[in-house]
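Letter by letter, the chains look like this.
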Amino acid sequence: MTPLLPKQSILVVDDSPENITILSDVLSHDYRIRVATSGEKALKIVYSDEPPDLILLDIMMPGLSGLEICRRLKANPDRRRIPIIFVTAMSSTEDEQRGLELGAVDYITKPISPPIVKARVRTHLALYDQSRELERMVRQRTAELMTTRQQIIRRLGRAAEFKDNETGNHVLRMSHYARLIAEAHGLGDEAASIIFNTAPMHDIGKIGIPDAILLKPGKLNAEEWKIMHQHPIMGAEIIGKHDNELLETARIIAHSHHEKWDGSGYPRQLKGEEIPLEGRIVAIADVFDALVSVRPYKPAFALDDALHLMDEQTGKHFDPALMEAFRKTLPEVLRIREIYADENGALTDLEFQIREIYDHRNDPAGYPGVLTSQKEGD
């Protein structure tokens, strides 16, 4: 036997108990009726955890009028979609026009006709249900597209790392570092998350650099450096320009993460705040991880030596304000460095998915987004 669906909820707002009784009698058989005799009480109900599916609203009430209630609700992004039908004795064309301009979906005049009330309520609830279902489908599809884009970005980031003969853990570490710096600098969760998800693409342009140059164990000569300096441009061209914020941020980072605060970087010699913020953040994260990691051309720097070198480059290579943010996050940075150390092996796809689950929670030590040990991902 198919379970019965819960009745839809209708809020009847009127300062006259008699009018509330009339509307309740007409609709209570098919809907769950909630009532409010003042605008203040009506707003409390609408802003509660269980808002109504539709509002029948009188206009002329003491205190907050129906028009003011409608205006406030339509200005609230969380509640503006709830359909409002004015039920009022004000029957002039001007009154009706004003109510509809404020965002009401319909206008019923008193004394009411029960069949008309039932028909209008049924129609607008059906439309509201369709609207919510479409919004749900759009949100679901948008989330699927975002997940797909994130996976593509990670795969391309991994491709660049394999090309550069490094483990996939480099992009994980520096992506975490970049997010921490962004958060410490005052960016919100959404902006920091976008940087975290796009930072792995920073060196995608290295795919276009010949192996003889990219994997050369010794120093590059002037001609080789000229070619190497093209990889940010190549990376930006590989990603391309997009209206989508995620992909566009990935392009910006790929293009700008080798610019320097004093204008001596490449490929465009941008200076100071001419350099996109995302690029300045990733520059710090990328350089720090490169300094404290083994590379084909160098051993790993000791932590104190790496930090000293980065301090010397503050105001030259690095944005001073962002370096302050980096220093604030150093304990968390070092924890990530330990968890995602190269000797632990590259993080598997399953482990990466588990980390994403933890990204929205706090671990026992209080740091969001990091597994307490590598074994937890096994």
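All values derive from a computational prediction rather than experimental measurement. (Residues numbered from 1 in each chain as written. Predicted model: local features only at pLDDT ≥ 70, side-chain atom pairs only at ≥ 80, totals over all residues. Heavy atoms only, no water.)

> Would you mind going over the nonpolar core with me for this structure?
One broad trend across soluble globular proteins is that nonpolar side chains are buried collectively. Counting 30 residues, the largest nonpolar core has Ile181, Ile284, Phe288, Met310 and Phe326 as its most contacted members. Mapped onto this core, the elements with two or more residues apiece are helix H6 (169-184), helix H7 (189-198), helix H12 (277-291), helix H13 (303-312), helix H14 (320-328) and helix H15 (330-339). Leave out the neighbours within four places in its chain, and phenylalanine 326 touches Ile181, Ile284, Phe288, Leu307, Met310 and Val333. With 22 residues, the next largest nonpolar core counts Val13, Val46, Ile55 and Leu67 among its residues. (Core = buried A, V, L, I, M, F, W, Y, C linked by side-chain atoms within 4.5 Å. Buried < 20%, exposed > 50% of the residue type's maximum accessible area, 1.4 Å probe, protein only. Helix = DSSP H or I, 4+ residues; strand = E, 2+ residues; numbered from the N terminus. Contact = heavy atoms within 4.5 Å.)

> Got a minute to help me understand the packing of aromatic side chains in this structure?
Centre-to-centre distance and the angle between the planes together describe a pair of aromatic rings. This model, assessed by the stated rule, comprises three aromatic pairs. Measuring from centroid to centroid gives 5.7 Å for tyrosine 177 and phenylalanine 288, while their planes differ by 70°, and the two rings are edge-to-face. Placement of the pair is tyrosine 177 in helix H6 and phenylalanine 288 in helix H12, with a sequence separation of 111 residues. A relative accessible area of 0% places tyrosine 177 in the buried class. By relative accessible area, which is 0% here, phenylalanine 288 ends up buried. Grouped by ring-pair contacts, the aromatic residues Tyr177, Phe288 and Phe326 constitute a single cluster. When the ring centre of tyrosine 128 is taken as origin, the NZ or CZ atom of arginine 132, which lies over that ring, is 3.8 Å away. Positioned above the aromatic ring of phenylalanine 196, the side-chain terminus of arginine 179 is 5.0 Å from the ring centre. (Phe/Tyr/Trp six-rings, centres within 6.5 Å; stacked < 30°, edge-to-face > 60°. Lys NZ or Arg CZ within 6 Å of the ring centre and 35° of its normal.)

> Is there a simple way to explain the sheet that holds strand E5 (residues 106-109) in this structure?
Either a parallel or an antiparallel arrangement is found when strands of a sheet pair, and the pairing is made through backbone hydrogen bonds. As summarised here, the arrangement of the five strands in space is E2-E1-E3-E4-E5, forming an open sheet in which the pairing is parallel. Both edges of this open sheet fall to strand E2 (32-36) and E5, since each of them pairs with a single strand only. Taking each pair of neighbouring strands and ignoring which way they run, the sheet shows an average axis angle of 20°. When strand E1 (residues 9-13) meets E2, the two strands line up parallel, connected through five bridges. Considered in E2, the bridge of leucine 11 is made with arginine 34. (Pairing = 2+ DSSP bridges. Axes fitted to C-alpha atoms, helices over the stretch in contact; angles between N-to-C directions.)

> Sorry, what's going on with unusual backbone geometry here?
Trans is the common state for peptide bonds, and a negative phi is the common state for residues other than glycine. Residue lysine 110 is joined to proline 111 through a cis peptide bond whose omega torsion reads -5°. As for its placement among the helices and strands, proline 111 is situated in the loop between E5 and helix H5 (114-163). A cis geometry characterises the amide bond from tyrosine 266 onward to proline 267, with omega recorded as 10°. Position of proline 267 among the secondary structure elements: in the loop between helix H11 (245-256) and H12. Even without being a glycine, glutamine 269 presents a positive backbone phi close to 55°.

> Help me understand the packing of H6 against H12 in this model?
Geometry of a packed helix pair, given as the angle between the helix axes and the separation of the axes. In the contact formed by H6 and H12, the axes pass within 8 Å of each other and the chain directions differ by 135°. Classified by the angle their axes make, H6 and H12 are oblique. Note that H6 runs across H12; the crossing there is right-handed. Residue-level contacts link His170, Arg173, Met174, Tyr177, Ala178, Ile181 and Ala182 of H6 to Ile281, Val282, Ile284, Ala285, Asp286, Phe288 and Asp289 of H12. Along the lines of polarity and charge, the residues of the contact of H6 with H12 split into 10 nonpolar, one polar and three charged. (Parallel < 35°, antiparallel > 145°, perpendicular 65-115°, else oblique. Left-handed = near helix turned anticlockwise from the far one by under 90°. Nonpolar A, V, L, I, M, F, W, Y, C, P; charged D, E, K, R; others polar.)

> Would you mind showing me how to read helix H1 (residues 17-27) here?
Think of an α-helix as turning once every 3.6 residues; residues three or four places apart then point the same way. Regarding H1, the residues found buried are Ile20, Leu23, Ser24, Val26 and Leu27. Looking straight down H1, one finds that the buried residues subtend no more than 160° of arc, so they occupy a single side. What points out from H1, more than 90 degrees from its buried face, is the exposed set Pro17, Glu18 and Asp25. (Arc of directions from axis to C-beta.)

> Please clarify how the pairing of strand E4 (residues 84-88) should be interpreted in this entry.
On a regular strand, one side chain projects to one face of the sheet and the next to the other, so that they alternate. Counting buried residues along E4, five of its five residues qualify, which places the element largely inside the surrounding structure. The two faces of E4 match: Ile84, Phe86 and Thr88 on one face and Ile85 and Val87 on the other face are all buried. With three bridges joining them, strand E3 (residues 54-57) and E4 adopt parallel strand pairing. Paired with leucine 56 across the strands is isoleucine 85, a residue of E4.

> I tried to follow the environment of isoleucine 82 on my own but got confused; where do I start?
Position of isoleucine 82 among the secondary structure elements: in the loop between helix H3 (66-74) and E4. Through-space distance from the C-alpha of isoleucine 82 to that of isoleucine 55 is 7.4 Å; in sequence the pair is 27 residues apart. Discounting chain neighbours no more than four positions away, the residues touching isoleucine 82 are Val46, Pro51, Pro52, Asp53, Leu54, Ile55, Lys74 and Tyr128.

> How should I be thinking about the environment of aspartate 129 in this particular structure?
Looking at the element boundaries, aspartate 129 is found in helix H5. Within the structure, aspartate 129 has its side chain in polar contact with the side chain of glutamine 8 (distance 2.9 Å). (Polar contact = N/O pair within 3.5 Å; in protein donor to acceptor, adjacent residues only side chain to side chain.)

> I'm lost on the packing of H13 against H14 in this one. Help?
Interaxial distance between H13 and H14 falls to 11 Å at its minimum, and their mutual angle equals 160°. Between H13 and H14, the crossing angle belongs to the class labelled roughly antiparallel. As H13 packs across H14, the resulting crossing turns out to be left-handed. Contact residues: Leu307, Met310 and Asp311 in H13; Met323, Phe326 and Arg327 in H14. Its residues assigned to classes, the contact of H13 with H14 comprises four nonpolar, no polar and two charged.

> Explanation requested: the pattern of salt bridges in the structure shown.
Pairing is possible between side chains of opposite charge, provided their charged atoms come close. Here the structure, examined in full by the defined rule, presents 14 salt bridges. A salt bridge links aspartate 106 to arginine 120, with the shortest nitrogen-to-oxygen separation between them at 3.2 Å. With aspartate 106 in strand E5 and arginine 120 in helix H5, this pair connects stretches of sequence that are 14 residues apart. Accessibility expressed as a relative area gives 14% for aspartate 106, which makes it buried. Between glutamate 133 and arginine 136 there is a salt bridge, with its nearest N and O atoms 2.7 Å apart. Taken together, the positions of glutamate 133 and arginine 136, both in helix H5 and three residues apart, correspond to about one turn of that helix. Each member of the salt-bridge network shares a partner with another, and the members are Asp14, Asp58 and Lys110. (Salt bridge = Lys/Arg side-chain N within 4 Å of Asp/Glu carboxyl O.)

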